[in-house]
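Here are the chains, one letter per residue:
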Amino acid sequence: MLNTIQKELKLAMSKMIEEVTYNGKTLVKLTTDNVAIVEAMIRNDSAYIHSSDVKALPIYNTKNEVKYGGSSAYWMTKLKDDLINNEDIKDLDREIIEGAVKAVDRENSTHLNADKCGNKGGRIEIIDRICKFSKAEFIQCLKNPDYEDMKLVREIARITSAEKRARINVSFASKFCHYACFYIFENTEYQDNYSICDNILKSVLPMYLEYFGIDEKFDLNEYKQYRTAVDMVRKASGIEISRNGFDHLLWYYHKGRM
């Protein structure tokens, strides 16, 4: 008769992520159950729990210095409120954009300030670029990623004016647009418009393209091609998985196996 520990371990085995083996490589199987498992793990992981908390406000010390800058969920929800409730104001609220940029950068370790752009730092340069969009065009870009050849991603990602270590910021751009849509357009057709692109996902996506017999060649450093490749894998799987679920599933499964 199984003791309590063995019963628990047996039950745990029934909840493990399902895998597939292909050409000697172990891949995560694209299933809705696997997505649900990973989403639950992320939402209960102390490393990520604050990022999805819309009530995680900025915290200041007694000297009014920032101890915690607020979550991306908090700032994107503030941005949603501003876009909906202040339609008569045509410009984006700079304080909200700044909070959102800093939160996404901090939570995703995209290191925008590794770019030293004069005295500004990479974050300020990116904030400046986003704030040049009117509210109307910003919403248009989020609702239609292909608007003017993915203008919002291109503007955020394009090379900085840093004197040293100038770089493009595709990973940050994709994450900013993804989380903006995720919170601003919750429960709408636009919520899942942008795929997240980062080094882990770029490195493992070719295995899934091969597994599903997709022979087309993609430049995965180019966001438009990357997003197309993701969508082709999602379609080839025959399973209805969101871009959000696909990103999280592959990222969480492979991040400890790289």
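Our subject in this report is the structure included herewith.

Rules used throughout
- Residues numbered from 1 in each chain as written.
- Predicted model: local features only at pLDDT ≥ 70, side-chain atom pairs only at ≥ 80, totals over all residues.
- Heavy atoms only, no water.
- Helix = DSSP H or I, 4+ residues; strand = E, 2+ residues; numbered from the N terminus.
- Rg over C-alpha atoms; globule rule 2.2 N^0.38 Å.
- Buried < 20%, exposed > 50% of the residue type's maximum accessible area, 1.4 Å probe, protein only.
- Contact = heavy atoms within 4.5 Å.
- Areas by Shrake-Rupley, 256 points an atom, 1.4 Å probe, with all protein chains shown as cover.
- Lys, Arg positive; Asp, Glu negative; His and termini not counted.
- Charge placed at Lys NZ, Arg CZ, Asp CG, Glu CD.
- Expected span 1.5 Å × (residues − 1).
- Polar contact = N/O pair within 3.5 Å; in protein donor to acceptor, adjacent residues only side chain to side chain.
- Disulfide = S-S within 2.5 Å.
- Axes fitted to C-alpha atoms, helices over the stretch in contact; angles between N-to-C directions.
- Parallel < 35°, antiparallel > 145°, perpendicular 65-115°, else oblique.
- Nonpolar A, V, L, I, M, F, W, Y, C, P; charged D, E, K, R; others polar.
- Salt bridge = Lys/Arg side-chain N within 4 Å of Asp/Glu carboxyl O.

Turning our eyes to something else, we now look at the overall build of the protein. Scanning the protein from terminus to terminus reveals 11 helices and 4 strands. In summary, the protein has a C-alpha radius of gyration of 20 Å against a globular reference of 18 Å for 258 residues, a match within 12%. Judged by the C-alpha coordinates and their principal axes, the protein covers about 65 × 50 × 40 Å. Within the protein, the proportion of its 258 residues that are buried is 45%. Across the protein, contacts joining residues at least 24 apart in sequence account for 59% of those joining residues at least 6 apart. Here the protein displays about 14,200 Å² of accessible surface, and carbon together with sulfur accounts for 50% of that area. Taking the average place of the 38 positive charges on the side chains of the protein and the average place of its 39 negative ones, the gap between the two points comes to 4 Å.

Take helix 3 (residues 72-85) next. Between its terminal C-alpha atoms helix 3 stretches 20 Å, which fits the 20 Å expected from 14 residues at 1.5 Å a residue. Where helix 3 is concerned, the buried positions are Ser72, Ala73, Tyr74, Trp75, Met76, Leu79, Asp82 and Leu83. Where helix 3 is buried, its residues contact helix 4 (94-108), helix 6 (135-143) and helix 8 (170-184).

This paragraph deals with the side chain of Arg234. As for its position among the elements, Arg234 is in helix 10 (residues 223-237). A polar contact is formed between the side chain of Arg234 and the side chain of Asp231, at a distance of 2.7 Å.

Under the definition given, this model contains 0 disulfides. For Cys131, which is in no disulfide, the shortest distance to another cysteine sulfur is to Cys177 and amounts to 14 Å. Residue Cys141 stays outside any disulfide, its sulfur separated by 8.0 Å from that of Cys177, the closest cysteine.

Moving on to the packing of helix 2 (residues 32-43) against helix 11 (residues 243-255). One can describe the packing of helix 2 onto helix 11 by two numbers: an axis separation of 9 Å at closest approach and a directional angle of 75 degrees. Taken together, the axis directions place helix 2 and helix 11 in an arrangement best described as roughly perpendicular. Where helix 2 approaches helix 11, its residues Asn34, Val35, Val38, Glu39, Met41 and Ile42 are matched on the opposing element by Asn244, Gly245, His248, Leu249, Trp251 and Tyr252. When its residues are assigned to classes, the contact of helix 2 with helix 11 shows 7 nonpolar, 4 polar and 1 charged.

We now examine the environment of Ala47. Secondary-structure assignment places Ala47 in the loop between helix 2 and strand 3 (59-60). For the pair Ala47 and Glu107, spaced 60 residues apart in sequence, the C-alpha to C-alpha distance is 9.0 Å.

What follows concerns the pattern of salt bridges. Counting across every chain of the model gives 13 salt bridges. Taking the shortest distance from any N to any O, the salt bridge between Asp105 and Arg123 comes out at 2.7 Å. With Asp105 in helix 4 and Arg123 in helix 5 (residues 122-131), the pair connects residues that are 18 residues apart, well separated along the chain. Classification of Asp105 by relative accessible area gives buried; the value is 4%. The salt bridge involving Lys151 is made with Glu148; its shortest N-O contact spans 3.7 Å.

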